[in-house]
Amino acid sequence: MNDKRRLTDSPALALALSTLTAGALATGGLACSLIVERRGEQCNADADCARFDDAVCDVAERVCVPASSGPGGGGVTPADCAATDKPIAEIAGDITEDFTLRCGLDYLLEGQVNVTAGATLTVEKGTTIRGDINPQAPAVLVVHPGSKLIAVGTKDEPIVFTSGKAPEDRRPGDWGGVILLGNARINHVDGEGNHVPGQIEGLTNGGQYGGIDDNDSSGTLKYVRIEYSGVKIAPNNEINGLTLGGVGRGTIIDFVQVRHVSDDCFEFFGGTVNAKHLACQYSGDDAFDWDYGYRGKLQFLVAQQDPGVAEETNGFEGDNDPLALTPAPEPRSEPTIYNATLCGKGVDLDKEQYGILLRRSTRATIVNTIVTGFESGLDVRDPETVPNVSSSIFSNLVNDFAFAEVSDGTGPLADDDGGFDEIELLSDPDRKNQAVDPGIQGCFDPSAPVFGPVKSLTENAATPTGDFFDPGAAFVGAFRDADDTWATSGKWAEWSAN
């Protein structure tokens, strides 16, 4: 294994190393100047300087210096971001000041790493962060309210959060995941109905979220992949691939893939964050999950479910408050979703899987969505749940639209919504839903998927409206046609059966 150097053994060291760049002499640059002037850190190669952020070996002087000094400065060579065998630096504990992860290193998260209020963690494009394998203390990155994660990759130089195991040994649940917590409103209430901060699931140490600022920013995630994550702390208490708790609409989420996760790919706990171009492959639970008053906007979502998971997993699963309180606490969960392609398991299993499961008083507007390969398209539970599904296509294994529930029915035929008729809702001509084959050739192919239809599905499609949505996406599904490859081109997203 590569040489491993701990970056955050102490807050003082973390602060010094976080700003070790040329010109930063007032703070972290001091650490570098001590090394250079005292010759306290001898080196023969860049790997010997891996413990220092943005430092390389001056081969002429045999001493660690800032990489940003550039080539030609006494033999300094810049960090090799394209290297296949980078030095590994360990990260543990709290990040209390601005800190940058450089692409010339790989990083190993140890236990719960917290970005605390007031700090910004920046990750350079092309950087890989691995989660340490420790069931007693799962690796998880937690960005707390008042802090930010700036992780901006590119289509071909993504930022990857992955397992600490060798590639051939990686499996869902190897490590925790990424958790963003913000100050936007949620509807978590105490036993007396008073609004209180939420406690995010999956953590036993800290994790409060939610406030009053719906425009709050937790940073930017763009061209990011999160894989082999998801740890169960207790029943119904798991870490998802990407967890967003009380995250505000000032946050930017675009081109993010979660794959091979043991729980949900994406879960939104309240908040108002908007997101585009989200891809989910092979989740152990739901692809996209929301509750506690989530009111954001989502566009261009694709999910592919794992046929090897014989559990009650769904494409969309929406709740308001999981305790199903009456009256439903406000603000009510009410996301608006345009242009999604939800590919189910494609095989009939013992337990039900729904393309869209809505319950516990949630509201939702879902438009231009393809739901295919599930047992059934839509299930509404609880009388206070309010669905608004239109201009969508359903093509499923048992019932395209929904099971025909009856008052004395059992299992999926049980009336669990006070007589609400899902089939009547989806069949309403004014809603322009269709029960037809969408004509997608590779929806269920795990290694070389083709998510777009042979022909653009513009019939009965709606034109997205509002400042966030792309008005040009007046077609059903997340892809205009088979030549629309936003989720399968470049290196930012990977697709495989394991």
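Structure first, text after, so check above.
Keep in mind it's a predicted model, so treat the numbers as computed, not measured.

Just checking my understanding: could you explain the layout of surface pockets for this structure?
A water-sized probe rolled over the atoms picks out the places where empty space is left. Quantified by volume, the second largest pocket comes out at close to 650 Å³. Lining the second largest pocket we find 30 residues, and of these K86, D106, G126, T128 and V160 sit closest to its centre. When contributions to the lining of the second largest pocket are tallied by element, the ones reaching two or more residues are strand 8 (128-131), strand 11 (159-163) and strand 15 (219-227). The residue inventory of the lining of the second largest pocket, partitioned by class, reads ten nonpolar, six polar and 14 charged.

Help me understand the side chain of D379, please; the structure alone is not making it clear to me.
Tracing the backbone through its elements, the reader meets D379 in strand 28 (residues 376-380). At 2.7 Å, the side chain of D379 and the side chain of R381 are in polar contact.

Please clarify how the state of the cysteines should be interpreted in this entry.
A complete count under the given rule lists three disulfides for this structure. Across the disulfide, C343 is cross-linked to C443 (sulfur-sulfur distance 1.8 Å). One disulfide, between C343 and C443, carries an S-S torsion of -75 degrees and so falls in the left-handed class. Note that C343 is positioned in strand 25 (residues 336-343) and C443 in the loop between strand 31 (440-442) and strand 32 (450-453), a separation of 100 residues in sequence. A single burial state applies to C343 and to C443, both of which are buried.

What is the right way to read the nonpolar core from this model?
A general trend in soluble globular proteins is that nonpolar side chains are found buried together. Core analysis: the largest hydrophobic core is formed by 66 residues, its most contacted members being L149, F266, F288 and F316. Ignoring any residue separated from it by four or fewer positions in sequence, one finds L149 in contact with L121, V123, L141, V143, V178, L180, S218, G219, T220 and L221.

Got a minute to help me understand the environment of A324 in this structure?
Position of A324 relative to the elements: it lies in the loop between strand 24 (316-318) and strand 25. Along the chain, A324 and D382 lie 58 residues apart, while their C-alpha atoms are 8.6 Å from each other.

What should I look at first to understand the pairing of strand 9 (residues 140-143) in this one?
On a regular strand, one side chain projects to one face of the sheet and the next to the other, so that they alternate. Residues V140 and V142 point to one face of strand 9 and L141 and V143 to the other, with burial holding for every one of them. Relative to strand 9, strand 6 (residues 106-115) is paired through four bridges, and the arrangement is parallel. Counterpart to V115 in the pairing with strand 9 is V143.

I would appreciate a short explanation of the side chain of S376 in the present structure.
In this fold, S376 is placed in strand 28. A residue is classified by how much of its surface remains accessible, and S376, at 0% relative accessible area, is buried. Separated by 3.4 Å, the side chain of S376 and the backbone nitrogen of F403 make a polar contact. Contact partners of S376, with chain neighbours within four places excluded, come to Q353, Y354, G355, N396, N399, F401, A402 and F403.

Any chance you could explain the environment of G176 here in plain terms?
Within the secondary structure, G176 is located in the loop between strand 11 and strand 12 (177-181). Here the alpha-carbon distance between G176 and N134, two residues 42 residues apart in the chain, equals 9.7 Å. Those residues in contact with G176 that lie beyond four places of it in its chain are P138, A139, V140, S229, G230, V231, I239 and N240.

Any chance you could explain the pairing of strand 11 here in plain terms?
For strand 11, the buried fraction is high: five of the five residues fall into the buried class. Two strands pair when backbone bridges link them, and strand 8 and strand 11 are joined in this way by four bridges, in the parallel orientation. Looking across to strand 11, one finds that T128 is bridged to V160. Sheet topology places strand 11 next to strand 15; three bridges connect them, and they run parallel. Across the sheet, residue F161 finds its bridge partner in strand 15, namely I226.

Before we go on, may I ask you to explain the pattern of salt bridges in this structure?
Note on pairing: side chains with opposite charge can pair once their charged atoms come close. Inspection of the entire model under this criterion finds 17 salt bridges. With a closest N to O distance of 3.4 Å, R295 and D214 form a salt bridge. Pair noted here: R295 is in the loop between strand 22 (288-291) and strand 23 (297-304) and D214 is in the loop between strand 14 (208-209) and strand 15, with a separation of 81 residues, a long-range link. Across the pair E227 and R259 runs a salt bridge whose closest N-O atoms are separated by 2.9 Å.

What counts and how
- Starting from 1, residues in each chain are numbered consecutively following that chain's sequence as written.
- Reporting in this predicted model follows two pLDDT cut-offs: at least 70 for local features of residues, and 80 or more for side-chain atom pairs to be given and counted; totals over whole chains, interfaces and linings ignore these cut-offs and use all residues.
- Just so you know, side-chain values use all the structure's heavy atoms and leave hydrogens and water out.
- Using a grid of 1 Å spacing that covers the protein atoms alone, one calls a set of points a cavity when a 1.4 Å probe fits there but cannot get out, and a pocket when the set is open and has protein on both sides within 12 Å along at least five of seven lines; lining residues are those with an atom within 4 Å of a point.
- Grid points are joined across faces, edges and corners, and a volume is the space filled by probe spheres set on the points.
- Secondary structure counts use DSSP, requiring at least four H or I residues in a row for a helix and at least two E residues in a row for a strand, with both numbered from the N terminus.
- Residue polarity is assigned by list, with Asp, Glu, Lys and Arg as charged and Ala, Val, Leu, Ile, Met, Phe, Trp, Tyr, Cys and Pro as nonpolar; anything else, Gly included, falls into the polar class.
- Polar contacts, as counted here, are pairs of nitrogen or oxygen atoms within 3.5 Å of one another; within protein the pair requires one atom able to donate a hydrogen and one able to accept it, and residues that are adjacent in sequence qualify only if both atoms are side-chain atoms.
- Disulfide assignment relies on a single distance test, namely cysteine sulfur atoms paired within 2.5 Å.
- Burial here depends on accessible area, computed with a 1.4 Å probe over protein chains only, as a share of the maximum for the residue type. Under 20% is buried, over 50% is exposed, and the range in between is partly exposed.
- Put simply, buried Ala, Val, Leu, Ile, Met, Phe, Trp, Tyr and Cys residues joined by side-chain atoms within 4.5 Å make one nonpolar core.
- Contacts are assigned to residue pairs that have any heavy atoms within 4.5 Å of one another.
- Pairing between two strands requires that DSSP report at least two bridges joining them.
- Salt bridges are defined as contacts in which a side-chain nitrogen from Lys or Arg sits within 4 Å of a carboxyl oxygen from Asp or Glu.

So, to be careful, I would describe these as geometric facts and stop short of saying anything about function.
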